[in-house]
Amino acid sequence: MMKNYLAFLLVLTLSTASAHGPVPTRPTAPSDLVLTGLTDSDPTAGGTARLCEQVTFSRGLRYGESEANVLDVATSATKADTPRPVLLFVAGDSFTGDRAAPDLSREIQDQAMCFAARNEMIGVRVNYRLAPTATWPAGATDVAAALSWIHGNIDLFNGDAREIVAVGYGAGAFHVATLLAHPELQTDRADVAGVVLISGIYRAGKAASDNEKAYLGTDATQYDKRSVFPGILNVDVPIVLAWAADDSAGIVAQGETLKKTLCGAGHCPRATLLRSRDGIAAAFGLDGSGDSLAEPTLLLVHQLEARGLP
C-alpha cells in the first residue's frame with residue numbers, strides 16, 4: 001500500500017516539480033503517507049540554478065522511523081530508455097552536523113545530486129541521525145535502511161537498484177565504510193555495487209576529537225572494535241578513495257592508511273587527491289577548482305554498466 005501511495009505521489013511530483021511549469025494545487029495527502037514533504041527546488045544562486053536546470057527533485061521521502069530518516073531524489077527531466085545507475089550521497093562535515101547553515105548545506109548537496117542527474121544517473125541524498133543523540137552505529141544502520149528503501153522503490157524513478165554507488169563524504173564516509181565493514185549491521189537488500197569515500201576517518205585513536213567522541217563514545221578501548229578494520233578488507237565491491245590537499249594531517253593519514261591496507265589485502269582502491277574540499281560539490285569539481293572525483297566516479301559507474309548484470 002505504501003508503495004502505491006509513493007507511486008501516486010511520484011506522478012504528482014513529475015507534473016509539478018518542473019522549475020518552469022505551472023504548479024497546480026496539490027490534493028490532500030493520506031495521513032499515513034511515507035512522504036513527509038514533497039517540494040520542487042529551483043535554487044536562485046546562479047551556479048546551482050544552471051546546474052539544476054531540467055532536474056526534478058522529490059523531497060522528504062521517509063525511509064525510517066526517526067524524523068531525521070528522510071531522503072531526496074533528483075532525476076533528469078529527460079526520460080531515459082533504460083533504468084539508470086544511482087548515486088547515493090551520505091554527507092556530513094562532522095558526526096554532529098554540518099558547519100554550514102542548513103539551507104547552504106542543502107544547496108551544496110543539491111549541486112552534487114544535479115551532477116548525478118545531468119550525467120544520466122539518479123541522485124539520492126540521505127539525511128541521517130546525528131550525535132550526540134544518535135551514537136555508534138546509528139549512522140551506518142540509517143544508511144542500511146536508506147539502501148533498503150532504494151532497493152524497494154528506486155524503480156519508481158527509473159533507477160537501477162543493481163547499480164547503486166554510495167558516496168560517503170566526511171562523517172558520511174565513516175558511516176558508509178562502517179556498514180560495509182560490519183556484516184552484522186547490514187539488513188536485507190542493503191548492498192551496493194561500488195563506493196566512493198571522501199575525507200573520512202576510518203579508525204579513531206586516543207586523540208579523537210570531541211565530535212568523534214560524541215558519536216563513538218568516550219571509551220577509547222571500544223574504538224578499534226568500532227573502526228572499519230579489519231572488516232573493510234573483505235569488501236569485494238570497487239572502492240574509490242579520496243582526500244584533499246587542504247585536509248588536516250589526521251584526515252590525510254586516515255586516507256593513506258586505508259589505501260595502503262586495502263592494497264596490501266589485494267583490493268587496491270582507485271585514489272584521488274583533491275585540490276581542495278569545501279563541501280561535496282567542490283569534491284566533484286562543481287566549483288571549477290580543477291582536480292575532482294567526477295571522472296573516477298563516472299568511470300566507476302560506466303564500468304558497472306558495462307559488466308552486464310542480468
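Note: the structure precedes this text.
Everything numeric in this text was worked out from a predicted model, so none of it was measured.

K.L.:
Would you take a moment to explain the layout of surface pockets for this structure?
P.N.:
Over the atoms rolls a probe the size of a water molecule, and its path tells where empty space is left. When its volume is computed, the second largest pocket comes out at roughly 520 Å³. Contributing to the lining of the second largest pocket are 22 residues, with Asp98, Pro102, Gln109, Arg125 and Asn127 lying nearest its centre. Those elements that provide at least two residues to the lining of the second largest pocket are strand S1 (55-62), strand S2 (70-76), strand S3 (84-92), helix H3 (102-118) and strand S4 (122-126). By residue number, the principal contributor to the lining of the second largest pocket is H3, which donates 5 residues. Counted by class, the lining of the second largest pocket contains 8 nonpolar, 8 polar and 6 charged residues.

K.L.:
Help me understand the environment of alanine 134 in this model?
P.N.:
Structurally, alanine 134 can be placed in the loop between S4 and helix H4 (138-153). On the basis of relative accessible area, alanine 134 is assigned to the buried category, the value being 7%. Spatially, the C-alpha atoms of alanine 134 and leucine 216 are 9.8 Å apart, while their sequence positions differ by 82 residues. Non-local contacts of alanine 134, meaning those with residues more than four positions away in its chain, are made with Arg129 and Tyr215.

K.L.:
Help me understand the state of the cysteines in this model?
P.N.:
Such a bond, covalent and formed between the sulfur atoms of two cysteines, is termed a disulfide. Summed over all chains, the structure comprises 2 disulfides. The disulfide that involves cysteine 52 links it to cysteine 114, with 2.1 Å between the sulfurs. Here the S-S torsion is close to 105°, and the disulfide linking cysteine 52 with cysteine 114 is therefore right-handed. Residue cysteine 52 is found in the loop between helix H2 (46-51) and S1, and its partner cysteine 114 is found in helix H3; the two are separated by 62 residues along the sequence. The exposure class of cysteine 52 is buried, given its relative accessible area of 8%. What makes cysteine 114 buried here is its relative accessible area of 0%.

K.L.:
Looking at this structure, how should I read the nonpolar core?
P.N.:
Among soluble globular proteins, nonpolar side chains are generally buried collectively. Of all hydrophobic cores here, the largest spans 58 residues; its most connected members are Val124, Leu197, Tyr202 and Ile232. Among the elements that make up this core, the one with the highest residue count is helix H5 (residues 171-181) (8 residues). Among all residues touching valine 124, those that are not within four sequence positions of it are Leu71, Asp72, Val73, Val86, Leu87, Leu88, Phe89, Met113, Ile150 and Ile154.

K.L.:
Honestly, the environment of glycine 97 in this entry has me stumped. Any pointers?
P.N.:
Summarising the element assignment, glycine 97 is placed in the loop between S3 and H3. Along the chain, glycine 97 and tyrosine 128 lie 31 residues apart, while their C-alpha atoms are 9.9 Å from each other.

K.L.:
Honestly, the pairing of S1 in this entry has me stumped. Any pointers?
P.N.:
Side-chain positions along a regular strand alternate between the two faces of the sheet. For S1, a buried count of 7 out of 8 residues is recorded, marking the element as mostly surrounded by other parts of the structure. Relative to S2, S1 is paired through 6 bridges, and the arrangement is antiparallel. If you follow threonine 56 over to S2, its bridge partner there is threonine 75.

K.L.:
Explain the pattern of salt bridges to me, please; I cannot follow it from the model alone.
P.N.:
Pairing is possible between side chains that carry opposite charge, provided their charged atoms lie close to one another. Summed over all chains, the structure comprises 10 salt bridges. The salt bridge partner of glutamate 120 is arginine 84, with a shortest N-O separation of 3.7 Å. Residue glutamate 120 is found in the loop between H3 and S4, and its partner arginine 84 is found in strand S3; the two are separated by 36 residues along the sequence. Residue glutamate 120 is classed as exposed on the basis of its relative accessible area, which comes to 55%. Note on arginine 84: relative accessible area 12%, which makes it buried. Of the charged contacts, one joins glutamate 305 and arginine 84 as a salt bridge, the two residues approaching to 3.2 Å between their closest N and O atoms. With glutamate 305 in helix H9 (residues 294-306) and arginine 84 in strand S3, the pair connects residues that are 221 residues apart, well separated along the chain. A network of salt bridges, in which partner residues are shared, links Arg59, Asp72, Asp110 and Arg125.

K.L.:
Explain the side chain of glutamate 212 here, please?
P.N.:
Tracing the backbone shows glutamate 212 in helix H6 (residues 210-216). For the buried residue glutamate 212, which engages in no salt bridge, the nearest side chain bearing the opposite charge is lysine 213, 8.5 Å off. Ignoring sequence-local partners within four residues, the contact set of glutamate 212 consists of Phe95, Ile201, Ala204 and Gly217.

K.L.:
Would you mind showing me how to read unusual backbone geometry here?
P.N.:
Residues apart from glycine generally show negative phi values, whereas peptide bonds are mostly found in trans. The residue after alanine 131, namely proline 132, is reached through a cis peptide bond having omega 5°. In this structure, proline 230 follows phenylalanine 229 across a cis peptide bond, with omega equal to 0°. Position of proline 230 relative to the elements: it lies in the loop between H6 and strand S7 (239-244). For serine 199, which is not glycine, the phi torsion reads 50° and is therefore positive. Here serine 199 lies in the loop between strand S6 (194-198) and H6.

Here is what the cut-offs are and how they apply
Residue positions are counted from 1 within each chain, in the order its sequence is given. Per-residue local features are limited, in this predicted model, to residues with pLDDT of at least 70; the limit for side-chain atom pairs, both in listing and counting, is 80 or more; totals at the level of whole chains, interfaces and linings are taken over all residues. Side-chain figures throughout are based on the complete set of non-hydrogen atoms in the structure, without hydrogens or water. Grid points spaced at 1 Å and placed over the protein atoms alone form the basis of the search, with a cavity being a set where a 1.4 Å probe fits but cannot get out and a pocket an open set showing protein on both sides within 12 Å along at least five of seven lines. Lining residues have an atom within 4 Å of a point. Grid points are joined across faces, edges and corners, and a volume is the space filled by probe spheres set on the points. The helix and strand labels rest on DSSP assignments: H or I over at least four residues marks a helix, E over at least two residues marks a strand, and numbering proceeds from the N terminus. Only Asp, Glu, Lys and Arg are considered charged, only Ala, Val, Leu, Ile, Met, Phe, Trp, Tyr, Cys and Pro nonpolar, and every remaining residue, Gly among them, polar. Accessibility here uses a 1.4 Å probe with only protein chains present; expressed as a share of the type maximum, an area under 20% marks a residue as buried, one over 50% as exposed, and anything in between as partly exposed. Residue contacts are defined here by distance: any two heavy atoms, one from each residue, within 4.5 Å place the two residues in contact. Whenever a pair of cysteine sulfur atoms sits within 2.5 Å, that pair is classed as a disulfide. We define the nonpolar core as a collection of buried residues of types Ala, Val, Leu, Ile, Met, Phe, Trp, Tyr and Cys that are connected through side-chain atoms lying within 4.5 Å of one another. The criterion for strand pairing is that DSSP finds at least two bridges linking the strands in question. A pair is scored as a salt bridge if a Lys or Arg side-chain nitrogen falls within 4 Å of a carboxyl oxygen belonging to Asp or Glu. In this charge count, Lys and Arg are treated as positive and Asp and Glu as negative; neither His nor the chain ends contribute.

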